[in-house]
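# Summary of structural features
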Amino acid sequence: MNNLIIGQSKNGKAVFTNKDFKKGEEIIEFSGKLFTYEQLPTPYNEVDDHYVQIDKNLYMGPSGGVDDFFNHSCDPEAGLKINNGKVILMAIRNIKKGEEITWDYSTTMDEDGWEMDCMCGYKNCRRIIRDFKYLPKEIQQRYIKLGIVPKYILEKLKRDLKQYNI
Ligand SMILES: [Zn+2]
């Protein structure tokens, strides 16, 4: 089954779908070697290095497969569900055959070590990709409701809310 195709978007390599996905449907499981923050390559090449934060101090490296090529968007079609070490890309709306599939990198980021300019082209593009905690509250809420914010970020949010008595 070859549902996902690596193609070319305006910002370089991108992943397109060869079939429709329904909201909530699994698109692909990410795989790759695991690294701690200290083990990440330096300098970090933000275009060619594919390391996804999946826990407090844990990153999934490139697999060499299609999962390395999903781009970021501030208006994504998909999101990562991280559960017991499994990293699943899931559709967060209906996706049509031929569309590019993107996810919002900020949803798993909590490190203060890395940021990147965004050129996704969405009219409300945030211009910069950085930690989840810097997202506008309404976007945070939307992602939390969709179930694509990992536990380590939710737990930290809860702690912060308590600390400020909110
Ligand atoms: Zn953007």
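Relevant structure appears above.
Presented here is an overview of the structure given in this document.

Scoring rules and cut-offs
- Residues numbered from 1 in each chain as written.
- Predicted model: local features only at pLDDT ≥ 70, side-chain atom pairs only at ≥ 80, totals over all residues.
- Heavy atoms only, no water.
- Salt bridge = Lys/Arg side-chain N within 4 Å of Asp/Glu carboxyl O.
- Helix = DSSP H or I, 4+ residues; strand = E, 2+ residues; numbered from the N terminus.
- Buried < 20%, exposed > 50% of the residue type's maximum accessible area, 1.4 Å probe, protein only.
- Donors = N, O, S within 2.8 Å, 3.2 Å for Na, K, Ca; no water.
- Tetrahedral: all angles 85-135°; square planar, octahedral: opposite > 155°, others 65-115°.

The full count for this structure, using the stated rule, is nine salt bridges. A salt bridge links Asp-104 to Arg-126; the shortest N-O distance between them is 2.9 Å. Taken together, the residues span a long stretch of sequence, with Asp-104 in the loop between strand E10 (102-103) and strand E11 (116-117) and Arg-126 in the loop between E11 and strand E12 (128-129) at a distance of 22 residues. When sorted by exposure, Asp-104 lands in the same class as Arg-126, which is buried. Connected through salt bridges with shared partners, the residues Asp-110, Asp-112, Asp-131, Lys-133 and Lys-156 form a single ionic network.

With that out of the way, let us pick up the coordination of the zinc ion. Reference values for angles at a metal are 109.5 degrees in the four-donor tetrahedral case and 90 or 180 degrees in the six-donor octahedral case. The zinc ion binds to the protein through Cys-74 (SG), Cys-118 (SG), Cys-120 (SG) and Cys-125 (SG); the donor distances cover 2.3 to 2.4 Å. Taken together, the four donor atoms surrounding the zinc ion define angles of 105 to 115° at the centre, an arrangement classified as tetrahedral. Binding-site remark: the zinc ion is held by donors from one chain whose sequence spacing is C-x43-C-x1-C-x4-C. On the criterion of sequence distance, the pair formed by Cys-74 in the loop between strand E7 (71-72) and strand E8 (78-83) and Cys-120 in the loop between E11 and E12 is long-range, its members being 46 residues apart. Among the residues examined, Cys-74 registers a relative accessible area of 8% and is labelled buried. Take Cys-120: its relative accessible area is 15%, and that puts it in the buried class.

Function cannot be inferred from these measures alone, as they are strictly geometric.
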